[in-house]
Amino acid sequence: SGSDTASSASPTSSSAPEDYQQIPGTRVSLRPTAGLQLDPSLPGLARPGSLTSVVVVDQQQSTGQSPDQVLAEIEASFRDQERASTDGLQLSEPRRTEIAGFPAVVVSGTQDRAGVVFLKVLAALAPPDSFVTITGTAEQAGPISADQLIGLISGARWSDQRAPIDLGITVTPSAGYQEVPSGGSLQLSVGGQTGPDVPVFLASPSRGFGNAVPPQARRQFAERRFVQLPGNPAPGAATDITIAGLPAVEIVGESADEIVYAAMVFTADGYVLLSGLQPKSQPDQLEAFRQMAQSLTITR
């Protein structure tokens, strides 16, 4: 439930009003409220000293899919109660709307994290050339209600240029790989293309994690994160390795359609997840994935 209010701004608006903040690495601007502040590490908004946040991901859209096809897939995933319950989610019926001048689908509900229940709002936008998700999480006893969270997300604005972002990491592309625009992660694909048949490599720093993973918990932590990758792949053996002079755990497994590579690099305040997805219809990419993983440089 919640307001159906949507932005009336033009999709090609080049700047946001003064009280809006453009989210680093994206073309989305949001208006902070109830103590929320810009947090480039998410990227999005966060309320200091709390677990309340609004995270924005702005990625290049898969080729060959219309905005309606993209939203239909997302809407179906929102209705998948079995999948939602695995993540502790209880969601209302998704609804179609318009956000920042683009077709969108929004769903709200709650999420149980280890016995603590949070308010949750999930929104997906489908501009012609990209796919945008906005995820709002709020503490139940906090100053932001579900309706306020929906209003904040529904009031998003769109800019014609991405805001700069410093992820604090770099990766050297393997032969044939090019960077693909992406908000909160570094994404590389064969030929810079997107789509279900294109091998892709991602480097994603942990967002707002803030804690080192104890050495004795690293393998279990990496294995648990591996099965959450797209396609819910089954993990193979976990191997301890070193990347960028830091401890890491490497896992190779597979889902129904892909060979999946992952290396989790453990830092002083979290981790960097390096993952490669190779469709089974494509040539072996494991060597390319390993080369890119080993090229990781942490710049801050």
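Reading guide: rules and limits
Residues numbered from 1 in each chain as written. Predicted model: local features only at pLDDT ≥ 70, side-chain atom pairs only at ≥ 80, totals over all residues. Heavy atoms only, no water. Buried < 20%, exposed > 50% of the residue type's maximum accessible area, 1.4 Å probe, protein only. Helix = DSSP H or I, 4+ residues; strand = E, 2+ residues; numbered from the N terminus. Pairing = 2+ DSSP bridges. Polar contact = N/O pair within 3.5 Å; in protein donor to acceptor, adjacent residues only side chain to side chain. Salt bridge = Lys/Arg side-chain N within 4 Å of Asp/Glu carboxyl O. Contact = heavy atoms within 4.5 Å. Phe/Tyr/Trp six-rings, centres within 6.5 Å; stacked < 30°, edge-to-face > 60°. Axes fitted to C-alpha atoms, helices over the stretch in contact; angles between N-to-C directions.

## Focus: the pairing of strand β9 (residues 116–125)
Remark: a regular strand shows side chains that alternate across the two faces of the sheet. Burial runs high along β9: eight of the 10 residues are buried. Hairpin remark: strand β8 (residues 102–113) followed by β9, antiparallel, with two residues in the connecting loop; positive phi at Ala 114, about 50°. Bridge analysis of β9 against strand β10 (residues 130–139) gives eight bridges, and the strand direction is antiparallel. Bridge pairing links Val 121 to Gly 136 in β10. The loop that links β9 with its antiparallel partner β10 comprises four residues.

## Observations concerning the side chain of Thr 26
When you line up the elements, Thr 26 lands in the loop between β1 (21–22) and β2 (28–30). Separated by 3.1 Å, the side chain of Thr 26 and the backbone nitrogen of Val 28 make a polar contact.

## Notes on unusual backbone geometry
In most cases, non-glycine residues show a negative phi, while peptide bonds are predominantly trans. The phi angle at Ala 34 is positive, at roughly 50°, despite the residue not being glycine. On the secondary structure map, Ala 34 appears in the loop between β2 and β3 (37–39). Despite not being glycine, Ala 100 has its phi angle at roughly 55°, a positive value. Locating Ala 100 in the fold gives a position in the loop between β7 (95–99) and β8.

## Topic: the pattern of salt bridges
The final tally for this structure, using the stated rule, is 10 salt bridges. Across the salt bridge formed by Glu 254 and Lys 280, the nearest N and O atoms sit 2.7 Å from each other. On the criterion of sequence distance, the pair formed by Glu 254 in strand β17 (residues 246–254) and Lys 280 in the loop between β19 (270–279) and α5 (286–294) is long-range, its members being 26 residues apart. The class for Lys 280 is partly exposed, based on a relative accessible area of 38%. What emerges from the salt-bridge pattern is a single network uniting Asp 68, Glu 75, Arg 79, Glu 93 and Arg 96.

## Let's talk about the environment of Gly 192
Mapping Gly 192 onto the fold places it in the loop between β14 (186–190) and β15 (200–205). Distance in space between the C-alpha atoms of Gly 192 and Thr 137 is 32 Å, their sequence separation being 55 residues. Contact partners of Gly 192, with chain neighbours within four places excluded, come to Gln 60, Gln 178 and Val 180.

## What about the packing of aromatic side chains?
One pass over the structure, following the stated rule, counts five aromatic pairs. Taken together, a centroid distance of 6.3 Å and an interplanar angle of 35° make the contact between Tyr 261 and Phe 289 tilted. Of this pair, Tyr 261 sits in strand β18 (residues 258–267) while Phe 289 sits in helix α5, and the two are 28 residues apart along the sequence. Taken individually, Tyr 261 and Phe 289 each receive the classification buried, so the pair is uniform in this respect. An aromatic cluster of at least three residues, connected via ring pairs, comprises Phe 201, Tyr 261 and Phe 289.

## Some words on the sheet that holds strand β11 (residues 157–158)
Across the sheet, three strands lie side by side as β1-β2-β11; this open sheet has antiparallel pairing. Unpaired on one side and paired on the other, β1 and β11 mark the two borders of the sheet. The pairing of β1 with β2 spans two bridges and is antiparallel. Of the residues in β2, the one forming a bridge with Gln 21 is Leu 30.

## Examining the sheet that holds β14
The strand order across the open sheet built from seven strands is β13-β14-β15-β19-β18-β17-β16, with neighbouring strands paired in antiparallel fashion. One side of each edge strand has no neighbouring strand; the edge strands of this open sheet are β13 (177–180) and β16 (234–243). The sheet shows a mean angle of 20° between the axes of neighbouring strands, taken without regard to direction. Summarising the sheet, β17 and β18 pair through seven bridges and their orientation is antiparallel. Each bridged residue has a counterpart across the sheet, and for Glu 250 the counterpart in β18 is Ala 263. Here helix α4 (residues 218–226) sits on the sheet in contact with β16, β17, β18 and β19, set at roughly 40° to β17.

Without other data, these values stay purely geometric and don't point to any function.
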